Amino acid sequence: MAVVASHFLLPPLCLPPPSSRTASHYSVSPKRPPPIMAASSSSPSLTDPQYGGGRSRFMEFPHVSAPHRDLMVELVSAVEARLDSYLLPCTLPPDVQYYENQSGTAQATLHVRSGHDSSPEQLGMELSEPGSTLNKIDFVLGSWIHCQLPSGGALNITSLSTYLNPSTDAPNFLIELIRSSPTSLVLILDLPPRKDLALHPDYLQTFYEDTKLESRRQLLEKIPESQPYFSSSLYIRCIVSPTAIMTRIETEAGGVERMEEILQSHVGPVAMEVLGIWLDQCAFGEREVGDSEISYLEKRDRLIRSKTIEIDLGSSLPRLFGPETAGRVLEAMRGVFK
Amino acid sequence: MAVVASHFLLPPLCLPPPSSRTASHYSVSPKRPPPIMAASSSSPSLTDPQYGGGRSRFMEFPHVSAPHRDLMVELVSAVEARLDSYLLPCTLPPDVQYYENQSGTAQATLHVRSGHDSSPIDFVLGSWIHCQLPSGGALNITSLSTYLNPSTDAPNFLIELIRSSPTSLVLILDLPPRKDLALHPDYLQTFYEDTKLESRRQLLEKIPESQPYFSSSLYIRCIVSPTAIMTRIETEAGGVERMEEILQSHVGPVAMEVLGIWLDQCAFGEREVGDSEISYLEKRDRLIRSKTIEIDLGSSLPRLFGPETAGRVLEAMRGVFK
């Protein structure tokens, strides 16, 4: 999901559907290149939703370069491997797992895996079992969007985000790579906090100082072609952490080769390190959450998610994919986010 | 108060007191230049604390260039004029309103005016620090910050100019929020979107010699707003003249505009605060202030001014911040 990239999806940057008539369901454009199956998936089988067509098409990450694709595949694989026992398969309808606009100039995938349900009864049972590990994952969401530009180039956005449930107050994880050309990258990479950091300096210490996230941010800051990126949405600026990597990298001089090198040698390793920190300290860290805190977390998590969808996709999805497709996708997302 | 500049005050950047013996009270160094009295103050009179030696020495802003001094004087004057009926005179002891280290290589002033109980102002704090550097230059930090009380939840105001040389400036200029913005998008809308603060940030961002400044303190990064101006400006190429031009033509006007927004929307805005919110605000305000002093001055003041002077000043500040 393009958490922060909504302004990249505004016209005239991206071609809107050619007319206002409603888009048909799940249209297959004759222009779509044949799918390259990711190594880890078998032939699509309708009885196996997790490794079905939806996931493999998501894991293709078509239209982006090899280092970019490799990074996304590596991140998703690491999350799924480590959290395997906590995650249910993706149960979104096929026409939400993949959708296009009518003219075939824009395509997108959505891959959401929910954590095993933690009803109060289950929570109570699990807590009473010694050595039990509570499922802390609400859901994991991956997506990509591809959109042809009037200039002849294309906009590609790939993202992966994780959402923890109120059994823990640990930060979430978020990465988004926005490519408006082969020599241009906007990178968002962060552990968004779930509490007001000004009011909780100990939380800041635990998750942002002790983890030395700042040193990773500074590594990428040192790249000469990078400069800080300020989201056009003030709200998005509010939900990221003080060590958030929000950077724009332009390699006009060094060309595509330099961008690939940066992705492979700098962005990739840092992204995997930050994900590793999230897995170790957040997904698998031990946190105690009191009853009053649970309702606070629920409220805060819910508000942030709904504002984020609204900012992110609320206007760009209908514009790119037409009101019917957009409505279907947004409805499905609200269902997950409930 | 050097809210965000504590790392500028670390050795070997600033000369520490030459020995560990306790600093004497309010020592006057023979090297100190004669004070230039600000136009608005009369001769110091002990019976008139507001316009006494303390305030005039604060308003001198010695050691910094004219545009820098003019900006600080203009900001302080605007605040004091607009909030005049709300503010009590500064009642800090003279040796907290002005203090030096024993070797005379560092001087500082502190000017605090509390607000009447019936006003929305808790207090207003201005200060400057001057510190000679081993290299022969000097570090100068000037700041002004305002603190509202829990009768309102509106943002505060903060400006800090840190000069490690005549061609170098780190500028912090912000309306720090008093609520968790992620949880209060309407508050974000009212104070940060409707006020178009982002356009002021972008004005200064366009200055070619500027680049974003990241405070070395993560906590400080957490307390500023999403439209905070945190910028470093270096004018090696254009020299001192270019820095003066930037201060006069760009920083100055933007700073006065941001202060104006604070005065109109925050100091004089109408906000309703429910009872449960009051205790939340008290708690949050108190924590932010005590963390900020700790980060800001907790280690640098003793190092620069010696433990006795630092203790006296920090004690007085905690008294104001209670």
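Our structure's up above, just so we're on the same page.
Residues numbered from 1 in each chain as written. Chains lettered and ligands numbered in written order. Predicted model: local features only at pLDDT ≥ 70, side-chain atom pairs only at ≥ 80, totals over all residues. Heavy atoms only, no water.

A. Examining the interface of chain B and chain A more closely. Facing the 26 residues of chain B at the interface are 26 residues of chain A. Of the roughly 2,300 Å² buried where chain B meets chain A, counting both sides, 73% is carbon and sulfur surface. For chain B, the biggest contributors to the area lost against chain A are Ala182, Leu183 and Leu218 of chain B; these three give 25% of the whole. Across the contact surface, chain B and chain A share four salt bridges. The salt bridge involving Arg284 of chain B is made with Asp196 of chain A; its shortest N-O contact spans 2.9 Å. In this assembly, chain B and chain A are joined by eight residue pairs in polar contact (both at pLDDT 80 or more). (Contact = heavy atoms within 4.5 Å. Buried area = accessible area lost by both parts, 1.4 Å probe. Salt bridge = Lys/Arg side-chain N within 4 Å of Asp/Glu carboxyl O. Polar contact = N/O pair within 3.5 Å; in protein donor to acceptor, adjacent residues only side chain to side chain.)

B. Examining the pattern of salt bridges more closely. Under the defined criterion, the tally for this structure stands at 36 salt bridges over all chains. Taking the shortest distance from any N to any O, the salt bridge between Glu225 of chain A and Arg258 of chain A comes out at 2.6 Å. Highlighted residues: Glu225 of chain A in the loop between α6 (213–221) and β7 (226–228) and Arg258 of chain A in helix α8 (residues 255–283), separated in sequence by 33 residues. Where Arg201 of chain B meets Glu198 of chain B, a salt bridge forms, and the shortest distance between an N and an O atom there is 2.9 Å. Taken together, the residues Arg201 of chain B and Glu198 of chain B, both in helix α5 (residues 197–205) and three residues apart, mark about one turn of the helix. Here the salt bridges do not stand alone but share partners, grouping Asp169, Lys195, Arg287 and Glu293 of chain A into one network. (Helix = DSSP H or I, 4+ residues; strand = E, 2+ residues; numbered from the N terminus.)

C. Molecular detail of the sheet that holds β7 of chain A. All names here are of chain A. As summarised here, the arrangement of the eight strands in space is β1-β2-β3-β4-β5-β6-β8-β7, forming an open sheet in which the pairing is antiparallel. Single-partner strands in this sheet number two, and they are β1 (98–100) and β7. This sheet shows a mean twist of 15 degrees between the axes of neighbouring strands, independent of strand direction. The sheet contact formed by β1 and strand β2 (residues 106–114) spans three bridges and is antiparallel. Counted as the bridge partner of Glu100 is Gln107 from β2. Against the sheet, helix α10 (residues 316–337) touches β1, β2 and β3 (137–148), its axis set at about 160 degrees to β1. (Pairing = 2+ DSSP bridges. Axes fitted to C-alpha atoms, helices over the stretch in contact; angles between N-to-C directions.)

D. A look at the packing of aromatic side chains. Overall, the coordinates contain 14 aromatic pairs over all chains when judged by the stated rule. Each member of the aromatic cluster is reached from another via a ring pair, and the members are Phe123, Tyr147 and Phe321 of chain B. Arg217 of chain A extends its terminal NZ or CZ atom over the ring of Phe214 of chain B, reaching a point 3.9 Å from the ring centre. (Phe/Tyr/Trp six-rings, centres within 6.5 Å; stacked < 30°, edge-to-face > 60°. Lys NZ or Arg CZ within 6 Å of the ring centre and 35° of its normal.)

E. Layout of the side chain of Thr152 of chain B. One can find Thr152 of chain B in the loop between β4 (138–148) and β5 (157–165). Not counting residues up to four positions away in its chain, the partners in contact with Thr152 of chain B are Pro120, Arg178, Arg271, Val273 and Leu281 of chain B.

F. Layout of unusual backbone geometry. If you check the backbone angles, Lys212 of chain A has positive phi at about 55 degrees while not being a glycine. With respect to the helices and strands, Lys212 of chain A occurs in the loop between α5 (201–209) and α6. A relative accessible area of 53% places Lys212 of chain A in the exposed class. A positive phi angle, near 55 degrees, is found at Lys196 of chain B, a position not held by glycine. Along the chain, the position of Lys196 of chain B falls in the loop between α4 (185–193) and α5. Exposure remark for Lys196 of chain B: the relative accessible area of 54% places this residue in the exposed category. (Buried < 20%, exposed > 50% of the residue type's maximum accessible area, 1.4 Å probe, protein only.)

G. Inspection of the sheet that holds β4 of chain B at higher detail. All names here are of chain B. Strand order in the open sheet made by the eight strands is β1-β2-β3-β4-β5-β6-β8-β7, with antiparallel pairing throughout. The two strands at the open ends of the sheet, each matched to only one other strand, are β1 (98–100) and β7 (210–212). For this sheet the average axis-to-axis angle between neighbouring strands, irrespective of direction, equals 15 degrees. In terms of strand pairing, β7 meets strand β8 (residues 229–234) through three bridges, oriented antiparallel. By the bridge assignment for β8, Pro212 is matched with Thr231. Where helix α2 (residues 66–82) meets the sheet, its contacts fall on β2 (106–114), β3 (121–132), β4 and β5, and the angle it forms with β4 comes to roughly 15 degrees. Contacts from helix α9 (residues 300–321) reach β1, β2 and β3 within the one sheet, and its direction differs from that of β1 by about 160 degrees.

H. Representation of α5 of chain A. Looking only at α5 of chain A, the buried set comprises Pro201, Tyr203, Leu204, Phe207 and Tyr208 of chain A. One side of α5 of chain A carries all its buried residues, which in axial view fall inside an arc of 145 degrees. Each element contacted by the buried residues of α5 of chain A is listed here: α6 and α8 of chain A together with α6 (218–223) and α8 (275–296) of chain B. (Arc of directions from axis to C-beta.)

I. Region of the structure containing the environment of Glu80 of chain A. All names here are of chain A. Residue position: Glu80 is located in helix α2 (residues 66–82). Taking the relative accessible area as the measure of exposure, Glu80 reaches 9% and is therefore buried. Setting aside residues up to four positions removed in sequence, Glu80 forms contacts with Arg55, His111 and Arg113. Here Arg55 takes part through its side chain, which lies 2.6 Å from a polar atom of the side chain of Glu80.

J. Inspection of the nonpolar core at higher detail. Judged by nonpolar contacts, the single largest core of 57 residues is most densely connected at Leu83 and Trp278 of chain A. The element best represented in this core is α8 of chain A, accounting for 13 residues. Once residues within four sequence positions are removed from consideration, Leu83 of chain A is found in contact with Ile137, Val140, Trp278, Leu279, Ala283 and Phe284 of chain A. The next biggest cluster of nonpolar side chains, apart from the first, holds 56 residues, and it includes Tyr187, Phe191, Leu197 and Ile246 of chain B. (Core = buried A, V, L, I, M, F, W, Y, C linked by side-chain atoms within 4.5 Å.)

K. Inspection of the packing of α2 of chain A against α8 of chain A at higher detail. Residues and elements named next belong to chain A. It is the contact of α2 with α8, at a shortest axis distance of 9 Å, that shows an interaxial angle of 15 degrees. The angle between α2 and α8 falls in the class roughly parallel. Here α2 runs over α8; the crossing is right-handed. Together, Ala66, Pro67, His68, Leu71, Glu74, Leu75, Ala78, Val79 and Arg82 of α2 and Glu260, Leu263, Gln264, Val267, Gly268, Ala271, Met272, Leu275, Leu279 and Asp280 of α8 make up the contact between the two elements. Classifying every residue of the contact of α2 with α8 gives twelve nonpolar, three polar and four charged. (Parallel < 35°, antiparallel > 145°, perpendicular 65-115°, else oblique. Left-handed = near helix turned anticlockwise from the far one by under 90°. Nonpolar A, V, L, I, M, F, W, Y, C, P; charged D, E, K, R; others polar.)

L. Quick look at the pairing of β2 of chain A. When you tally the buried positions in β2 of chain A, you get eight out of nine residues, the bulk of the element. From the end of β1 of chain A to the start of β2 of chain A, which pair antiparallel, there are five residues, and Gly104 of chain A there has a positive phi angle of about 75 degrees.

M. Structural view of the pairing of β2 of chain B. Residues and elements named next belong to chain B. Counting buried residues in β2 gives eight out of nine residues, a clear majority hidden from the surface. Bridge count for β1 against β2 is three bridges, and the pairing is antiparallel. Its bridge partner being in β2, Glu100 is matched across the sheet by Gln107. What sits between β1 and β2 in their antiparallel hairpin is a turn of five residues, with Gly104 showing a positive phi close to 75 degrees. Across nine bridges, β2 lies against β3 in antiparallel orientation. Looking at β3, one finds that Arg113 is bridged to Val124. Between the end of β2 and the start of β3, which pair antiparallel, lie six residues.

In short, the description is geometric, and any link to function would need to be established separately.
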